[in-house]
Amino acid sequence: MTENIRLLTTLVFSLLLANVAMAQWETVNIRDKQYVTARSLKSFYAFKTLTRVGRKATLENTGIKMEISANSQECIMNNVKFILSYPVVEHSGRLLVSRIDLSKLIDPVLRPSYIRDAGNFRTVILDPGHGGKDAGAVNQYGTEAGYNLIVGRLVRDILTRQGYTVIMTRESDRYLSLQQRVAFANRYKNAIFISIHFNAGGRRQARGIETFTLSPVGIAHYGRSVKASDHRTRNGNYQDSANIALATAIHGRTLQRTRSASIPDRGIKRARYSVLTSVKHPAILIEGGFMSHPTEARIIQSSSYQSSIAMGIAEGIIRYRSALSKR
């Protein structure tokens, strides 16, 4: 992310329409889903230009550049990749974005200060994934559990110096179940939750940084089809707007901090991991790179890269709080 992305709030679509009738939202129903036009986005969010070249549309003003493409779930805002819940649709020559992506992604990212009470957190809960008997991903250089803990401690130290209250689910190489992590986090009030991980893939060419937030109600875990249980409201869904705003700040700043390592951006995605589903606070899970990729494995084991990841996470938290206070 860059300084120019102003993170923000989600309004349910009906309130959005009621409060800003002057914006004249153009809506289209397709296969029982409601969509809004790119032209409506331009009007409501005061983009100066809407440029269409082939399948791609670019909305731009002085501070924000947003790119969408027909039949694609990728949305790029100020060079940060987001994975939409539904592909952009082309209909009668117009590009359409789903209502749920408007209310659960685009609006909170562009208008974070409208998210109610999200900036009132007093505590940052850091969750270094794995530990003890659960090493997580393993390669010739080390274990994921070890790297997660190193980065967690670095983030803790940075934020503590900035006056934040920081709690860690684990501060040593010990095992905690997912249920124990959730129970620990939910003991605190007015907090945010960041789960720190590194990745491994079945294909050695997989690489990059990615960040996950809880899927909205009715939206599947990334990469699979919808299940009946996906339609249940979970603890984390009450923080949908804050989740995506927090992810944007941390993911974007982490990309900036690690730019010199040339780690690809795999985007901000939706998932149903237990710590995202059950934690009551705004929560994200960040994957700092692939330990299974030969090049990234060497990068991840370097202290300079670990420090860069930690600085990105910490600065993202600071910027998240700042963005929530600017209206």
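Up top is the structure these notes are about.
First, a word on scope: everything that follows refers to the structure included in this document. Here the structure is a predicted model, which is why all the values come from computation and not from measurement.

**Side note on the overall build of the protein**
Check the secondary structure of the protein and you find nine helices and 15 strands. Taken over the C-alpha trace, the protein has a radius of gyration of 19 Å; the compact-globule value for 327 residues is 20 Å, and the two agree within 12%. Relative to its 327 residues, the protein shows a buried fraction of 57%. The contacts of the protein with a sequence gap of at least 6 include a subset with a gap of at least 24, amounting to 72%. In the form shown here, the protein has an accessible surface area of approximately 14400 Å², with 46% of it arising from carbon and sulfur atoms. In the protein, 46 side chains carry a positive charge and 23 a negative one; their mean positions are 2 Å apart.

**As for the nonpolar core**
Membership of the largest hydrophobic core comes to 69 residues, with the highest contact counts inside it found for Leu 41, Ile 194, Ile 313, Ile 317 and Tyr 320. In this structure, Val 182, Phe 193, Val 279 and Ala 283 belong to the second largest nonpolar core, which totals 15 residues.

**Focus on the packing of aromatic side chains**
Enumeration over the complete set of coordinates arrives at seven aromatic pairs. With a centroid separation of 4.7 Å and 75° between ring planes, the pair formed by Phe 44 and Tyr 45 is classed as edge-to-face. A residue is classified by how much of its surface remains accessible, and Phe 44, at 15% relative accessible area, is buried. Among the aromatic residues, those joined into a ring-pair cluster are Trp 25, Phe 44 and Tyr 45. Stacked on the ring of Phe 121, the Lys or Arg Arg 321 has its end atom at 4.2 Å from the ring centre.

**Overview of the sheet that holds strand E9 (residues 94–98)**
Sheet architecture is open: four strands sit in the order E1-E2-E9-E8, paired in antiparallel fashion. Both edges of this open sheet fall to strand E1 (27–30) and strand E8 (89–91), since each of them pairs with a single strand only. Mean inter-strand twist for the sheet, computed between neighbouring axes without regard to direction, equals 45°. Bridge analysis of strand E2 (residues 33–37) against E9 gives three bridges, and the strand direction is antiparallel. Each bridged residue has a counterpart across the sheet, and for Val 36 the counterpart in E9 is Val 97. Lying over the sheet, helix H3 (residues 99–110) contacts E2 and E9, oriented at roughly 60° with respect to E9.

**Concerning the pattern of salt bridges**
Evaluated as defined, the whole model comprises 16 salt bridges. Linking Arg 272 and Asp 230 is a salt bridge whose minimum nitrogen-to-oxygen distance equals 3.0 Å. Taken together, the positions of Arg 272 in the loop between strand E14 (265–271) and helix H7 (274–278) and Asp 230 in the loop between strand E13 (209–214) and helix H6 (240–257) put the pair 42 residues apart, joining distant regions of the chain. With respect to burial, Arg 272 and Asp 230 carry one shared label: buried. The salt bridge partner of Glu 315 is Arg 253, with a shortest N-O separation of 2.5 Å. With Glu 315 in helix H9 (residues 303–324) and Arg 253 in helix H6, this residue pair connects regions lying 62 residues apart in the sequence.

Here is what the cut-offs are and how they apply
- Residues numbered from 1 in each chain as written.
- Predicted model: local features only at pLDDT ≥ 70, side-chain atom pairs only at ≥ 80, totals over all residues.
- Heavy atoms only, no water.
- Helix = DSSP H or I, 4+ residues; strand = E, 2+ residues; numbered from the N terminus.
- Rg over C-alpha atoms; globule rule 2.2 N^0.38 Å.
- Buried < 20%, exposed > 50% of the residue type's maximum accessible area, 1.4 Å probe, protein only.
- Contact = heavy atoms within 4.5 Å.
- Areas by Shrake-Rupley, 256 points an atom, 1.4 Å probe, with all protein chains shown as cover.
- Lys, Arg positive; Asp, Glu negative; His and termini not counted.
- Charge placed at Lys NZ, Arg CZ, Asp CG, Glu CD.
- Core = buried A, V, L, I, M, F, W, Y, C linked by side-chain atoms within 4.5 Å.
- Phe/Tyr/Trp six-rings, centres within 6.5 Å; stacked < 30°, edge-to-face > 60°.
- Lys NZ or Arg CZ within 6 Å of the ring centre and 35° of its normal.
- Pairing = 2+ DSSP bridges.
- Axes fitted to C-alpha atoms, helices over the stretch in contact; angles between N-to-C directions.
- Salt bridge = Lys/Arg side-chain N within 4 Å of Asp/Glu carboxyl O.

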